[in-house]
Amino acid sequence: MSEPQKKKELSSEMRILIASILSMAVILLWAKFFAPKPPANLPQANRPAVTSPAGTNSATTPSSTSPSTPGNKSSSQTPAGVATGIAPSNAAAMPPTAAKEEPNIVVENTLYRVEISNRGGVVKSWQLKKYKDDSRPQRVLDVVHPEAAGQVGGWPFAVVLDDAQLEAQANSGLYMASEPGVHAQDVTRGVIGGPLTAPAELQLVWSDGHLEVTKNFKFDDSYVVRVETSVKYNGVPVKAGLAWLGGFGDLTVQNPVPVETVSTFYSEGGKVTDLLHKKLEGPEKWGPGVWAGNKDYAGIEDRYFAAAFLPVNGVASGSIETRYWKVFRTVQVEGKDTQEPVSEVAAATSSQPLAVRVYVGPKDYDDLKAMRPPLQSLVNFGFLEFIAEPLFHGMKWLHKYIPNWGWTIVVMTLFINMLLFPLRISSYKTTLKMQRVAPEIKAIQERYKKYKMNDPKKQEMNKEVMAIYSREGINPVGGCFQMFLQMPIWFGLNSALRGSIELRHAHWLWISDLAAKDPYYVLPVVVGVSMYLVSKMTPMTSADPQQQQMMKIMPIMFAGSFIIFPFSSGLALYILTSSLVGIGQQWYLNRTHPAPAAAKQISRSKK
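Everything numeric in this text was worked out from a predicted model, so none of it was measured.

Asks: Give a detailed account of the nonpolar core, specifying residues and quantitative values.
Replies: The nonpolar side chains of a soluble globular protein tend to be buried, and buried together. Among the nonpolar cores identified, the biggest contains 124 residues, and Tyr-112, Trp-126, Leu-128, Phe-157 and Trp-244 are the most heavily contacted of them. Residues contacting Trp-244, with those up to four places away along its chain left out, are Trp-126, Val-143, Val-144, Pro-156, Phe-157, Ile-300, Ala-307, Phe-309, Glu-344, Val-345 and Val-360. Met-434, Ile-441, Val-465 and Tyr-469 belong to the second largest nonpolar core, which has 10 residues in total.

In C-alpha cells, the structure reads:
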C-alpha cells in the first residue's frame, strides 16, 4: 500500500468525533423546527424553597409527608405539577397586586380581639377576652405564640401549598386589605382605616403577576370565623390548605408543661382522634397532593381551648382533609438550649377555592354541643369518662343554684355521701364481725406460719379461714367495698375538674383555681388529718400491729400524694368534705353499733 493511500484513511477516534458532531446537529435542528413548544411559566413542584422574608420559614411547610396514622388514605393523589396547576402557553401575566404599607388589621367583638398582618395575610394575635392566662399578673389569654411562630417561621391562617417556593411567596407578600364597599383609593393603598367591629368582612389580595392569593374573612358575634381562600397560578386554580402554625393555647400553664397538653385532632365517622407531639412526624412526610381525607373536622387544641376547621355547610360529611406534623423550636431549660416540639395542623377540602369555618375559643361543653357539627367530644374526660361526665353535668346543674363552684363541690359531696351511707353501714357491720373473729383467725395463722407460701399446707389454712367467714356470714371484701367505690369517683371527678373550662380559674376561699393544685397545700394537710381521724374512729379488722400501723400511715401518704402530684384542689376539697362527713357518720355508727363482742372473744380465747 502506497503512502498517499494511508493519508486518505481516517482514524477510529476521528470517525467517532465526526459522528458525535453530526448527531448533535440533528438533535438541535429537530428541537428548533419540529419539537413541541414547552408551556410558559411552569411552577416547579419540587424545586428548593427560596429564602423567604422575616417571619416566613418554608422549612415548616408540609410539602412532603404521608399520613402518619395507619388507615388514613389520601383524598388526592394528584402529582405535584397537576396539584399546583399548569397554565397554558399563551397565559398572560396579570398585573402585580401588593400593598405599599405593612399595617396590622384589628377585628374584635365582645368575645375576641384578632390582629391580622397584611404581611402574608396571617394572624399575629388572637385574644379571648373572657379568659386570662396563668401568668403573674394575669393577662388576657392569647392563643397565638409570637415567639414560637417567629422561630419556626409560620403563623395561624398561613396558606399551605405543595410547592415550597410558591408557599413562601404567598405567606410573605404584602396583601392589600379592603372592606366591601370601600373607596377605590383606599383599596389601592391596601390599608384599613382603624379597627373593625364584628360583624365585619375583610378581604386580602396579593399577586406577583403569576401567583394570586385571595383571602376573605367573615366575622360575626360568635367564636366562629368563615374563611375563603383562593390561590391561582397564571389564572389556573391551585389546591391550597389553611394552617394553624407556630403553636397554640395557653403557654403560661405550669403543670404539666404546655407542650404536653397541646395536640392536633381530627374527627372521622364521629370519633375524635387526638395526636400529641409524640405521635407526630416531621413535615417532610407529606408528599405533594397527599392529604388525610374523609374527616368531619380537624384542628389543634390544648386542655381548655381549641381551633377547629369545620365544613362550611355545618354537616359532618367527611369533606375536610387534613395534614398534621411537628417542627422544633429552641427554648431555655435550666440555662441550656433545648429543642421543643411545636405541633401544627392544616385543613383543606376536595373542592377549590377553599371555604371553611374556623372555631377559635374555649372548650365549653354546652357551646361545643350546639355547634354544627357538634364538637363536645373535644372535652376530654379521660378513660373514666363514664364517671366523669355524669359528675360534671351534676355539678353544672347544682351550679345553677349555687353560684360558687367550690360550694357546688361541697354540696355534691354531701349528696354522694348520703347515697353511699347505706354502704358505709354495711361496711361497718362487716368490720365489726371481722374484728370479732380476728383472734380466732390469728390463731389459725400462727399454726401455719412455719410453712412457706407455696406449701400445700397453706391451702388448708385458707380453707379454715374461709370456713370461719362462712360461719359468721362475712364477705372478706365487704369492709373495703365503700373505699373501692370511692376510688373511681375520685379519679373521675379529678378528670372532670381538670378537663372542664368552667372549673378553670374557679375561686373558692383562698383557692384561685379549683382545677389546679392548692398553692399553699392547706387542703392536702387537712385531708391527711381528717383521714387519720376517720381511721382512728373505725374499728380495726386485724389484730396484726404491722397492719394497724400501715392503716395509720396511709392518710399521711395520701396527703403527700396531693403535694407531689398535680391533683386538682377541687378533688382535695371533695375528699376533705367526704372525710368530715365520714367523721360524723362514724361517730353515729360507733354510738348506735358498739363493739363489745371483740373484747369478749379475746377474753374467751385466753381461757
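Asks: So, the sheet that holds strand β15 (residues 292-295): which residues are in play, and what are the values?
Replies: Pairing within the open sheet is antiparallel, and its five strands lie in the order β5-β12-β19-β18-β15. Each edge of the open sheet carries a strand with a single partner, namely β5 (158-160) and β15. Adjacent strand axes in the sheet meet at a mean angle of 40°, parallel and antiparallel pairs treated alike. The pairing of strand β12 (residues 241-244) with strand β19 (residues 336-349) spans three bridges and is classified as antiparallel. Counterpart to Trp-244 in the pairing with β19 is Val-345.

Asks: I'd like a description of the pattern of salt bridges, backed by residues and values.
Replies: Enumeration according to the criterion identifies 17 salt bridges in this entry. The salt bridge partner of Lys-442 is Glu-446, with a shortest N-O separation of 3.9 Å. Of this pair, Lys-442 and Glu-446 both sit in helix α9 (residues 405-448), four residues apart, which is roughly one turn of that helix. It is possible to trace a salt-bridge network through shared partners that takes in Glu-147, Arg-329 and Glu-340.

Asks: Can you lay out helix α12 (residues 522-537) for me, pointing to particular residues and giving the numbers?
Replies: Its 16 residues give α12 an end-to-end C-alpha distance of 23 Å, which sits within 8% of 22 Å, the value for a rise of 1.5 Å per residue. Turning to α12, its buried residues are Leu-523, Pro-524, Val-527, Gly-528, Ser-530, Met-531, Val-534 and Ser-535.

Asks: Could you give me a rundown of the sheet that holds strand β1 (residues 104-108), with the residues and numbers involved?
Replies: Read across the sheet, five strands follow the order β4-β3-β2-β1-β7 without closing on themselves; strand pairing throughout is mixed. One side of each edge strand has no neighbouring strand; the edge strands of this open sheet are β4 (140-142) and β7 (196-197). The pairing of strand β2 (residues 112-117) with strand β3 (residues 122-132) spans six bridges and is classified as antiparallel. Its bridge partner lying in β3, Tyr-112 is registered against Leu-128.

Asks: An account of the packing of aromatic side chains is needed here, citing residue identities and associated values.
Replies: Taken as a whole, this structure holds 21 aromatic pairs when the rule is applied. Taken together, a centroid distance of 6.0 Å and an interplanar angle of 5° make the contact between Phe-157 and Phe-217 stacked. On the criterion of sequence distance, the pair formed by Phe-157 in the loop between α4 (146-152) and β5 and Phe-217 in strand β9 (residues 211-219) is long-range, its members being 60 residues apart. Classification of Phe-217 as buried rests on a relative accessible area of 3%. When the ring of Tyr-175 is compared with that of Trp-206, the centres are 6.2 Å apart and the planes differ by 40°; the resulting orientation is tilted. Of this pair, Tyr-175 sits in the loop between α5 (164-170) and β6 (176-178) while Trp-206 sits in strand β8 (residues 200-207); the two residues are 31 residues apart in sequence, bridging distant segments of the chain. Clustering of aromatic rings is evident, with ring pairs tying together Tyr-112, Trp-126, Phe-157, Phe-217, Phe-219, Trp-244 and Phe-248. Taking the ring centre of Trp-155 as reference, the NZ or CZ of Lys-124 above it sits at 4.5 Å.

Asks: Requested: an account of the environment of Ala-298, with residues and values cited.
Replies: Mapped onto the elements, Ala-298 comes out in strand β16 (residues 297-301). Look at Ala-298 and you get buried, because its relative accessible area is 0%. A sequence separation of 48 residues divides Ala-298 from Ala-346, and the C-alpha atoms of the two residues are 8.1 Å apart. Once residues lying within four places of it in the same chain are set aside, the contact partners of Ala-298 are Phe-265, Tyr-266, Ala-307, Ala-308, Phe-309, Ile-320 and Thr-322.

Asks: An account of helix α10 (residues 457-472) is requested, with residue identities and associated values reported.
Replies: Because each turn of an α-helix spans 3.6 residues, side chains separated by three or four positions in sequence point in the same direction. When the terminal C-alpha atoms of α10 are compared, their 24 Å separation across 16 residues agrees well with the 22 Å that a helix rising 1.5 Å per residue should span. All of the buried residues in α10 are Lys-458, Met-461, Val-465, Ile-468 and Tyr-469. All buried residues of α10 fall inside an arc of 100° around its axis, so they share one side. What points out from α10, more than 90 degrees from its buried face, is the exposed set Lys-463, Ser-470 and Arg-471. The inward-facing, buried residues of α10 contact α9. A positive backbone phi angle near 70° is found at Gly-473, which sits one or two residues after α10.

Asks: How would you explain the environment of Asp-366 if you had to name every residue and give the values?
Replies: By the element assignment, Asp-366 lies in helix α7 (residues 365-369). For Asp-366, a relative accessible area of 40% translates into the label partly exposed. Note: C-alpha distance between Asp-366 and Gln-376 (10 residues apart in sequence) is 7.4 Å. A polar atom in the side chain of Asp-366 sits 2.6 Å from the side chain of Lys-396.

Asks: Go over the packing of helix α8 (residues 385-399) against α9 with me, naming the residues and quoting the values.
Replies: At their nearest, the axes of α8 and α9 sit 9 Å apart, and the two run at 115° to each other. Between α8 and α9 lies a crossing whose hand is right-handed. Counted together, Leu-391, Met-395, Lys-396, Leu-398 and His-399 of α8 and Trp-405, Thr-408, Ile-409, Val-411, Met-412 and Ile-416 of α9 form the full contact between these two elements. Counted by class, the contact of α8 with α9 contains eight nonpolar, two polar and one charged residues.

The rules behind these values
- Residues numbered from 1 in each chain as written.
- Predicted model: local features only at pLDDT ≥ 70, side-chain atom pairs only at ≥ 80, totals over all residues.
- Heavy atoms only, no water.
- Core = buried A, V, L, I, M, F, W, Y, C linked by side-chain atoms within 4.5 Å.
- Buried < 20%, exposed > 50% of the residue type's maximum accessible area, 1.4 Å probe, protein only.
- Contact = heavy atoms within 4.5 Å.
- Pairing = 2+ DSSP bridges.
- Helix = DSSP H or I, 4+ residues; strand = E, 2+ residues; numbered from the N terminus.
- Axes fitted to C-alpha atoms, helices over the stretch in contact; angles between N-to-C directions.
- Salt bridge = Lys/Arg side-chain N within 4 Å of Asp/Glu carboxyl O.
- Expected span 1.5 Å × (residues − 1).
- Phe/Tyr/Trp six-rings, centres within 6.5 Å; stacked < 30°, edge-to-face > 60°.
- Lys NZ or Arg CZ within 6 Å of the ring centre and 35° of its normal.
- Arc of directions from axis to C-beta.
- Polar contact = N/O pair within 3.5 Å; in protein donor to acceptor, adjacent residues only side chain to side chain.
- Left-handed = near helix turned anticlockwise from the far one by under 90°.
- Nonpolar A, V, L, I, M, F, W, Y, C, P; charged D, E, K, R; others polar.

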